[in-house]
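Here are the chains, one letter per residue:
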Amino acid sequence: MTGLPIAGRWFERSRVDHAITLLWEPHVIPLMRCNIWHVRGRSRDLVIDTGMGLASLTAAIDDLLVATERPVTAVATHGHDDHIGNHHEFADVVAHAIEAPLLLDPPLRSLVPREAWGDDAIDALEAMGYPMPDPYFVDALPAGFVMDGFRQRPVAAVRTVGEGDVLDLGDRTFEVLHLPGHSPGSIGLWEAATGTLFSGDAIYDGPLLDELPESDIQAYCLTMERLLQLPVEVVHGGHDPSFGRSRLRELATAYLRHRRAP
Ligand SMILES: [Zn+2]
């Protein structure tokens, strides 16, 4: 028994505009609470990242998906635990080749942080500014969730994408940007026509993680320099609230100052 309460509703959502909806899991601890984006297109919808995988995402966004018979592409901005939990619910899954193995065999097998990741990883995260006092990654559970034997479910197949590939929704197109640093196969989705960037964990308005075992600070610096060149109107990140170009400049230049300090 975990002693955790049962949440009445697992996903919360907020409409960003006529086509974009943000979903999140309020009972997941802040470090692991990723932004889940639904983008409605004329002939195809996108779901960008899918959360922890403790409750059905497709059931939660049923009303967004069933209005028409549009196919859905589920994009993984990268393969970290908090972004890939529900990709198995989608037939068309897209990720960078470097991250694909994490979707095909998700490593997360416990909701107890030190069991899931090991003491060294937790100690390192705390040193990076993410205190992890919580006994679980969650402060409640979805109805019907069984803790014993939990593991994230694998996807059946991944369609791999890389720099310059295009996801065409009929009335809007997103170009894949390879944005390594946080993880080697991190990608963003860039819509030049509107200046919209879905950035995953390449940039968001919170402490960035660049000292994970798979992180690469030099690559991250190059990614930040690249992001500074993009004519961005809005960034929808993998965590935290969305922001505009001036905040992007602040975040990217602060990162470069910190990591390129003499
Ligand atoms: Zn991540």
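For the structure, check the block above.
Every chain is numbered on its own, with residues counted from 1 as its sequence reads. The model is predicted, so local features are restricted to residues of pLDDT at least 70 and side-chain atom pairs to those at 80 or more, both for listing and for counting; the totals for chains, interfaces and linings are taken over all residues. The side-chain figures draw on all heavy atoms in the structure; neither hydrogens nor water molecules are used.

A.B. asks: Mind showing me how you'd approach the pattern of salt bridges here?
C.D. replies: Two side chains with opposite charge may pair up if their charged atoms get near one another. Each reported salt bridge corresponds to a side-chain nitrogen of Lys or Arg within 4 Å of a carboxyl oxygen of Asp or Glu. Considering all chains together, one arrives at 17 salt bridges under this definition. The salt bridge involving Glu12 is made with Arg9; its shortest N-O contact spans 3.1 Å. When accessible area is computed with a 1.4 Å probe and restricted to protein chains, residues below 20% of their type maximum are described as buried, those above 50% as exposed, and intermediate ones as partly exposed. A residue is classified by how much of its surface remains accessible, and Glu12, at 24% relative accessible area, is partly exposed. A salt bridge links Glu191 to Arg172; its shortest N-O distance comes to 2.6 Å.

A.B. asks: Got a minute to help me understand the coordination of the zinc ion in this structure?
C.D. replies: Under perfect tetrahedral coordination by four donors, a metal shows angles of 109.5 degrees; under perfect octahedral coordination by six donors, it shows angles of 90 or 180 degrees. Think of the donor list as every N, O and S atom within 2.8 Å of the metal, or within 3.2 Å for Na, K and Ca; water never makes the list, so a site can look incomplete. Here the zinc ion is held by the protein donor atoms His78 (NE2), His80 (ND1), His182 (NE2) and Asp201 (OD), which lie 2.1 to 2.4 Å from it. Sequence positions of the donors to the zinc ion reduce to the motif H-x1-H-x101-H-x18-D. There is no split in this pair, since His78 and His80 are both buried.

A.B. asks: Teacher, can you tell me more about unusual backbone geometry here?
C.D. replies: Although it is not a glycine, Asp49 adopts a positive phi angle of roughly 70°. Per the convention used, a helix needs a DSSP run of H or I reaching at least four residues, while a strand needs a run of E reaching at least two, with both numbered from the N terminus. As for its placement among the helices and strands, Asp49 is situated in the loop between β5 (45–48) and α1 (57–60). Phi is positive for Asp240, close to 70°, though the residue is something other than glycine. Relative to the assigned elements, Asp240 resides in the loop between β14 (234–237) and α7 (245–259).

A.B. asks: Hey, could you run me through the nonpolar core in this one?
C.D. replies: In a soluble, globular protein the nonpolar side chains are often hidden away together inside. Remark: nonpolar core denotes a set of buried residues (Ala, Val, Leu, Ile, Met, Phe, Trp, Tyr, Cys) joined through side-chain atoms within 4.5 Å. Leu111, Val138, Ile203 and Met224 are the most contacted members of the largest nonpolar core, which totals 68 residues. When contributions to this core are tallied by element, the ones reaching two or more residues are α2 (62–65), β6 (72–75), β7 (92–96), α3 (100–104), α5 (119–127), α6 (217–229) and α7. Membership of the second largest hydrophobic core comes to 16 residues, among which are Val39, Leu46, Val75 and Phe174.

A.B. asks: I keep staring at the packing of α6 against α7 and nothing clicks. Help me out?
C.D. replies: A pair of packed helices is captured by two measures, namely the crossing angle of their axes and the spacing between those axes. The N-to-C vectors of α6 and α7 enclose an angle of 150°; their axes lie 9 Å apart at closest approach. Considering their axes alone, α6 and α7 lie roughly antiparallel with respect to each other. α7 is crossed by α6, and the crossing has left-handed handedness. Seen from α6, the contacting residues are Ile217, Tyr220, Cys221, Met224, Glu225, Leu227 and Leu228; seen from α7, they are Arg245, Leu248, Arg249, Ala252, Thr253, Tyr255, Leu256 and Arg259. Polar here means any residue other than Ala, Val, Leu, Ile, Met, Phe, Trp, Tyr, Cys and Pro, which are nonpolar, and Asp, Glu, Lys and Arg, which are charged; Gly is therefore polar. Within the contact of α6 with α7, the residues separate by chemical class into 10 nonpolar, one polar and four charged. Here, axes are lines fitted to C-alpha atoms. For helices the fit covers the stretch in contact, and angles between N-to-C directions go from 0 to 180 degrees. Any angle between 65 and 115 degrees counts as roughly perpendicular, while under 35 counts as roughly parallel, over 145 as roughly antiparallel, and the rest as oblique. Take the far helix as the reference: if the near one is turned anticlockwise from it by less than a right angle, the crossing is left-handed, and if turned clockwise, right-handed. Whether two residues are in contact is decided by their heavy atoms, any of which lying within 4.5 Å being enough.

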